[in-house]
Every structure is written in C-alpha cells, then in structure tokens.
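Notes for the structure review
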Amino acid sequence: MIEWTADLLLGHEAIDAQHREMVVAANGVHRAFAGGSRDARSAALRELRDVTAAHFLYEEELMRKHAYPNAGVHAENHAGLMEQLARLTALLHVDGGGEKVLPFLRGWVVSHIVHFDRDVVLHLNRALPEAHG
C-alpha cells in the first residue's frame with residue numbers, strides 16, 4: 001500500500017488531486033491482488049491505467065503550454081511507465097503477475113511524483129505563479 005503523505009504534495013491543486021487519485025487507484029490494485037478475483041485485479045489495473053493516462057495527458061499539456069524545458073524527457077518517462085504498466089497487466093493473464101505488479105507500483109508512483117513531477121511544478125511556479133489550477 002502507498003500512504004498519501006505531505007511529502008507527495010507539490011503545491012499545484014490539480015496535479016496534487018490527480019496524484020491522490022493515482023495513489024487511490026494503485027492501492028485499489030494492491031487490495032485486488034491481496035484478495036480479489038482475476039476480474040477484480042484486471043478492473044483495478046484498468047482504473048489505474050485510465051487515471052494515470054489522464055494525468056499524463058494533463059501534465060504534458062501543461063508542460064507544452066508553459067514551455068517546460070524537459071518536457072520531452074518527461075513525456076518519454078510517461079510513455080515508458082505506461083508501457084511497463086501494459087506489460088505487467090498482460091502478465092496478470094499469464095501467471096497472476098502480483099509479484100511483479102505491486103513492487104513496480106510502489107516504486108513508480110512515489111518516485112515519479114517526488115522526482116519528475118516536483119520539477120514540473122517548480123517550473124510552473126517560476127514561469128507563471130497563477131498556473132496552479
């Protein structure tokens with residue numbers, strides 16, 4: 001499980017809300033793998049994928065709009081994370097996949113927020129202080 005803590009708050013209302021949704025969805029995957037059926041696990045992974053994809057699209061639009069200098073690298077990271085999530089979801093249908101999915105989720109959700117997205121929000125704060133919503 002991923003605990004939502006103040007360390008994950010970046011100070012951008014919309015991004016913080018989306019990150020919280022991602023954590024909720026990732027925890028839903030954790031619960032589904034702990035005691036749910038294959039259908040429940042699949043549904044939880046779809047929910048995480050959908051929430052994450054929407055967040056990535058929003059963030060990439062903000063980066064373009066506000067000329068974030070590392071937008072290309074950041075978008076590549078997004079694409080790589082989505083590819084990994086798709087591969088792990090496919091493993092669910094082969095062998096259950098839980099031993100690979102859960103550590104991946106714990107690692108990337110927190111790491112991406114703390115390292116990649118923090119820099120985006122810092123840029124937004126410098127570029128346009130009113131770009132918080």
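Whatever comes next refers back to the structure up there.
Because the structure is predicted, anything quoted here is derived from the model rather than measured.

**Considerations on the overall build of the protein**
Broken down by element type, the protein carries four helices and zero strands. Secondary structure elements in the protein, listed N-terminal to C-terminal, are α-α-α-α. Each of the 133 residues in the protein was classed as buried or not, and the buried ones make up 43%. In the protein, the share of contacts with a sequence separation of at least 24, taken over all contacts with a separation of at least 6, comes to 72%. A total accessible area of about 6800 Å² is found for the protein, and carbon and sulfur atoms account for 57% of it. Distance from the positive charge centre (13 side chains) to the negative charge centre (18 side chains) of the protein: 6 Å.

**Some thoughts on the packing of aromatic side chains**
One pass over the structure, following the stated rule, counts one aromatic pair. Residue placement shows R41 over the ring face of F33; its charged tip is 5.5 Å from the ring centre.

**Section: the packing of helix α1 (residues 13-35) against helix α2 (residues 38-65)**
The N-to-C vectors of α1 and α2 enclose an angle of 160°; their axes lie 8 Å apart at closest approach. Judged by the inter-axis angle, α1 sits roughly antiparallel to α2. Seen from above, α1 lies across α2 with left-handed handedness. Each of A14, I15, Q18, H19, E21, M22, A25, A26, G28, V29, A32 and F33 in α1 lies in contact with α2, whose residues at this interface are A40, R41, A44, L45, E47, L48, V51, T52, H55, Y58, E59 and L62. For the contact of α1 with α2, the per-class residue count stands at 15 nonpolar, five polar and four charged.

**A word on the side chain of T52**
With respect to the helices, strands and loops of the structure, T52 is situated in helix α2. Once residues lying within four places of it in the same chain are set aside, the contact partners of T52 are M22, M82 and W108.

**Regarding empty space enclosed by the protein**
All told, the structure shown has one cavity of 30 Å³ or more when counted by the stated rule. Volume-wise, the largest cavity comes out at about 50 Å³. Around the largest cavity, the lining residues are M1, I2, A26, N27, H30, L102, L105 and R106. Put simply, the parts of the chain that give the lining of the largest cavity at least two residues each are α1 and α4 (98-127). Per-class residue counts for the lining of the largest cavity are five nonpolar, two polar and one charged.

**Notes on the nonpolar core**
Counting residues in hydrophobic clusters, the biggest one holds 34 residues, and the most contacted among them are V29, L105 and W108. With ten residues, α4 is the largest single contributor of residues to this core. Beyond its immediate chain neighbours, meaning those up to four positions away, W108 contacts M22, T52, F56 and L81.

**Focus: the environment of Y58**
Inspection of the secondary structure assignment puts Y58 in helix α2. Between the C-alpha atoms of Y58 and I15, which are 43 residues apart in sequence, the distance is 8.5 Å.

**Structural notes on unusual backbone geometry**
With phi around 50°, A67 is a residue other than glycine that occupies positive phi space. When you line up the elements, A67 lands in the loop between α2 and α3 (71-95).

Thresholds, definitions, all that
Residues numbered from 1 in each chain as written. Predicted model: local features only at pLDDT ≥ 70, side-chain atom pairs only at ≥ 80, totals over all residues. Heavy atoms only, no water. Helix = DSSP H or I, 4+ residues; strand = E, 2+ residues; numbered from the N terminus. Buried < 20%, exposed > 50% of the residue type's maximum accessible area, 1.4 Å probe, protein only. Contact = heavy atoms within 4.5 Å. Areas by Shrake-Rupley, 256 points an atom, 1.4 Å probe, with all protein chains shown as cover. Lys, Arg positive; Asp, Glu negative; His and termini not counted. Charge placed at Lys NZ, Arg CZ, Asp CG, Glu CD. Phe/Tyr/Trp six-rings, centres within 6.5 Å; stacked < 30°, edge-to-face > 60°. Lys NZ or Arg CZ within 6 Å of the ring centre and 35° of its normal. Axes fitted to C-alpha atoms, helices over the stretch in contact; angles between N-to-C directions. Parallel < 35°, antiparallel > 145°, perpendicular 65-115°, else oblique. Left-handed = near helix turned anticlockwise from the far one by under 90°. Nonpolar A, V, L, I, M, F, W, Y, C, P; charged D, E, K, R; others polar. 1 Å grid on protein atoms, 1.4 Å probe; cavity = no way out; pocket = protein on both sides within 12 Å on 5 of 7 lines; lining within 4 Å. Points joined across faces, edges and corners; volume = space filled by probe spheres on them. Core = buried A, V, L, I, M, F, W, Y, C linked by side-chain atoms within 4.5 Å.

All quantities given are derived from atomic positions and should not be read as evidence of function.
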